[in-house]
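# Report on the structure
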Amino acid sequence: MKKHNFNAGPCVLPKPAIEATIEAIRDFDNTGIGLLEISHRTPGWEKVMAETEQLWRELLNIPEEYAVIFLGGGASTQFYTLAANFLNKKAAYLETGVWAKKAIKEAKLYGEVEVVGSSADKNFTYIPKGYTIPTDVDYFHITTNNTIYGTEIKTDIDSPVNLIADMSSDIMSRPVDIKKYAMIYGGAQKNVGPAGATFVIVRKDLLAKVQRKLPSMVDYKTHIGAEPRDNSMFNTPPVISVFVMNQTLKWVKSLGGVKEMHKLNQKKAELLYNEIDRNKMFVGTAVKEDRSIMNVCFVMAEQYKDKEADFMEFAKKAGMVGIKGHRSVGGFRASIYNACPLESVQALVDCMKEFEKLHG
Ligand SMILES: *Cc1c(COP(=O)(O)O)cnc(C)c1O
C-alpha cells in the first residue's frame with residue numbers, strides 16, 4: 001500500500017534526491033568509489049560543497065556579505081554556539097515553544113537573557129504580539145516555525161538589533177529577506193535533507209566581536225575559509241547529508257524555486273486546514289492567524305474525544321504515517337514539508353472525511 005509520510009523530522013524527501021544518493025553511494029562522480037568511502041578532499045566533493053553553497057545563495061538570494069556554512073551537531077548545537085559568538089552582555093528571546101526554551105537555556109550560560117514575549121500561558125498555541133525589542137541587547141532570537149505546536153512567524157520582522165532566527169522547520173518553504181537577519185540556522189532534517197548537516201547563514205562582519213575566547217570549532221570564523229573551496233572544510237563535513245541537501249535543493253530549483261514552493265505549501269496547508277475547520281470531528285490547536293504551513297496540529301473535537309485512538313488506527317490502515325501529535329500537544333500533527341506531495345495531503349483529507357461519515 002502507498003504510504004503517506006507526515007513525520008515531523010527526519011521526514012519525507014524528494015524521490016529524485018534519494019535516487020541520486022543511492023547512485024552516488026554506489027559510484028560517486030564516476031570515480032569508481034562510493035560516496036561513503038571517498039575523501040572529503042576529492043575534487044569532485046569540493047565541487048559538491050561549492051555547488052551546494054551556490055544553490056543556497058541562488059534559492060534564497062543570499063548576499064555576498066553572508067557566509068553559508070554546513071556544520072555538524074544539529075540545530076541544538078547552534079543554541080549555545082550562536083550565544084558564544086554573539087552574546088556579550090544581554091540577548092532578547094521570543095519564547096514560542098520547546099525549541100525556543102532550549103535556545104534560551106543555552107544562551108543563559110553566556111549572559112543575561114530577556115524573554116520579551118512568551119506564549120507559554122496558552123501552551124504555545126499562538127505567536128506573541130505587541131512586544132518591544134530592547135535596543136540594549138546584542139541580538140534578538142526567534143524561532144520562525146514552531147514544529148511541535150504548529151505556529152509560524154510568516155513574515156520577516158523588523159528588528160532594531162541583530163536578528164537571529166532558528167528556521168529549522170520552515171527554511172526553503174518561502175522566500176526570505178535575508179538582509180533582515182544577522183544569522184539564520186537550522187538542522188537539515190526538516191526541509192532540506194537528512195539529519196547530519198546544520199546550515200548557518202551568517203553576516204561575516206558581525207563575527208569576532210565577542211569578548212570571550214572561543215574554541216576553534218565553536219567560532220564561526222573557523223568554518224569560513226580563506227577561499228570559498230575551504231568553506232565548511234575545517235573538519236570533515238557531514239558528507240552524506242550535504243549530498244542529499246545538494247540534490248534536494250536542485251529539486252526545489254527545478255520546481256521553480258522557493259516562490260513556487262511557497263505557493264504549493266500554501267495550497268497544501270489550505271486544503272488540510274479547510275478540512276479541519278469543516279469537519280465536525282476535529283479542531284485545530286493553533287490560533288488561525290499563526291497557523292504554520294509546515295506542521296498542522298489538530299485534535300478531536302470535545303464530543304469525539306473518545307474516538308482519537310480509532311482515528312489513529314483508521315488513518316494508519318489508509319497508509320498515513322507519522323500523524324501522532326507531539327506528547328506536549330496530543331492529538332495529531334501532519335508535517336507537510338516541501339517534499340510532502342499534494343496527493344498525500346489529499347489522502348489525509350479524504351481519510352478524515354471518510355471517518356466523519358462513519359462515526360460523526
Ligand atoms: C527539530 C528542531 C530543532 C532541533 O534540531 P536538531 O538538529 O535535532 O538539534 C531545533 N529547532 C527547531 C525549530 C526544530 O524544529
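Residues numbered from 1 in each chain as written. Predicted model: local features only at pLDDT ≥ 70, side-chain atom pairs only at ≥ 80, totals over all residues. Heavy atoms only, no water.

## With respect to the domain arrangement of the protein chain
- In terms of domains, the protein chain is made up of domain 1 (15-254) and domain 2 (257-359).
- On a C-alpha basis, the centres of domain 1 and domain 2 stand 28 Å from each other.
- Between domain 1 and domain 2, the contact holds 26 residues from the first and 26 residues from the second.
- Taking both partners together, domain 1 and domain 2 bury about 2100 Å²; carbon and sulfur atoms supply 54% of that area. (Domains from an automatic or database assignment. Contact = heavy atoms within 4.5 Å. Buried area = accessible area lost by both parts, 1.4 Å probe.)

## Observations regarding the packing of helix H2 (residues 43-60) against helix H5 (residues 239-254)
- At a minimum axis separation of 9 Å, H2 and H5 run at an interaxial angle of 40°. Our classification of the angle between H2 and H5 gives oblique. Where H2 crosses over H5, the handedness of that crossing is left-handed. Contacts from Trp45, Val48, Met49, Glu51, Thr52, Leu55, Trp56, Glu58 and Leu59 of H2 reach H5 at Val239, Val242, Phe243, Met245, Asn246, Leu249, Lys250, Val252 and Lys253.
- When the residues that make up the contact of H2 with H5 are grouped by side-chain class, the tally is 12 nonpolar, two polar and four charged. (Axes fitted to C-alpha atoms, helices over the stretch in contact; angles between N-to-C directions. Helix = DSSP H or I, 4+ residues; strand = E, 2+ residues; numbered from the N terminus. Parallel < 35°, antiparallel > 145°, perpendicular 65-115°, else oblique. Left-handed = near helix turned anticlockwise from the far one by under 90°. Nonpolar A, V, L, I, M, F, W, Y, C, P; charged D, E, K, R; others polar.)

## Concerning the site of the ligand
- In the vicinity of the ligand, 13 residues are found, and the nearest of them are Ala75, Ser76, Thr147, Asp166 and Lys190.
- Taking Ala75, its main chain carries an N or O atom lying 2.9 Å from an oxygen atom of the ligand.
- Here an oxygen atom of the ligand and a side-chain polar atom of Lys190 are 2.6 Å apart.
- When the ligand sits alone it has 390 Å² of accessible area, and the protein chains cover 88% of it.
- Per element, the largest residue contribution to the shell around the ligand is four residues, and it comes from helix H3 (residues 74-86).
- Grouping the amino acids of the shell around the ligand by side-chain chemistry returns three nonpolar, eight polar and two charged. (Near = heavy atom within 4 Å. Polar contact = N/O pair within 3.5 Å; in protein donor to acceptor, adjacent residues only side chain to side chain. Areas by Shrake-Rupley, 256 points an atom, 1.4 Å probe, with all protein chains shown as cover.)

## A closer look at the pattern of salt bridges
- Inspection of the entire model under this criterion finds 19 salt bridges.
- For Arg41, the salt bridge identified is with Glu46, shortest N-O distance 3.8 Å.
- According to the relative accessible area criterion, Glu46 is buried, its value standing at 14%.
- The partner of Lys90 in a salt bridge is Glu114, with the nearest N and O atoms 3.1 Å apart. With Lys90 in strand E3 (residues 90-95) and Glu114 in strand E4 (residues 112-118), this pair connects stretches of sequence that are 24 residues apart.
- The exposure class assigned to Glu114 is partly exposed, which follows from its relative accessible area of 29%.
- Taken together, the shared-partner salt bridges connect Glu275, Arg278, Lys280, Lys353 and Glu356 into one network. (Salt bridge = Lys/Arg side-chain N within 4 Å of Asp/Glu carboxyl O. Buried < 20%, exposed > 50% of the residue type's maximum accessible area, 1.4 Å probe, protein only.)

## Structural notes on unusual backbone geometry
- A cis amide bond links Gly9 to the next residue, Pro10, at an omega of -5°.
- Within the element layout of this structure, Pro10 appears in the loop between strand E1 (4-5) and helix H1 (15-26).
- Of note, the phi angle at Asp29 is positive, near 55°, even though the residue is not glycine.
- As for its placement among the helices and strands, Asp29 is situated in the loop between H1 and H2.
- The exposure class assigned to Asp29 is partly exposed, which follows from its relative accessible area of 41%.
- Positive phi is not limited to glycine here, since Ser232 has a value of about 60°.
- As for its placement among the helices and strands, Ser232 is situated in the loop between strand E10 (198-203) and H5.

## Quick notes on the environment of Gly331
- One can find Gly331 in the loop between strand E13 (320-321) and strand E14 (332-335).
- Counting along the chain gives 128 residues from Gly331 to Arg203, while the straight-line C-alpha distance between them is 40 Å.
- Beyond its immediate sequence surroundings of up to four residues, Gly331 is in contact with Phe298, Val299, Glu308, Met312, Ile323, Lys324 and Gly325.

## Re the sheet that holds strand E12 (residues 295-300)
- Strand order in the open sheet formed by three strands is E11-E12-E14, and the pairing between neighbours is antiparallel. With one partner strand each, in any of the chains shown, strand E11 (282-284) and E14 form the two edges of the open sheet. Direction aside, neighbouring strands of the sheet carry axes that sit 30° apart on average.
- Relative to E14, E12 is paired through four bridges, and the arrangement is antiparallel. For Cys297, the partnering residue across the bridge sits in E14 and is Arg333.
- The strands touched by helix H6 (residues 258-278) within the sheet are E11, E12 and E14, with E12 carrying the most contacts at an inclination of about 15°. (Pairing = 2+ DSSP bridges.)

## Here's the deal with the packing of aromatic side chains
- Summed over all chains, the structure comprises 16 aromatic pairs.
- Aromatic pair Tyr93 and Tyr139: ring centres 5.8 Å apart, planes at 70°, arrangement edge-to-face. With a gap of 46 residues between them, Tyr93 in strand E3 and Tyr139 in the loop between E4 and strand E5 (140-143) connect regions that are remote in the sequence. Here the two residues Tyr93 and Tyr139 agree in accessibility, since each one is buried.
- A centroid spacing of 5.7 Å and a plane angle of 80° characterise the contact between Phe282 and Phe298, whose relative ring orientation is edge-to-face. Of this pair, Phe282 sits in strand E11 while Phe298 sits in strand E12; the two residues are 16 residues apart in sequence, bridging distant segments of the chain.
- Joined through ring pairs, the aromatic side chains of Phe282, Phe298, Phe311, Phe314, Phe332 and Phe355 make up one cluster. (Phe/Tyr/Trp six-rings, centres within 6.5 Å; stacked < 30°, edge-to-face > 60°.)

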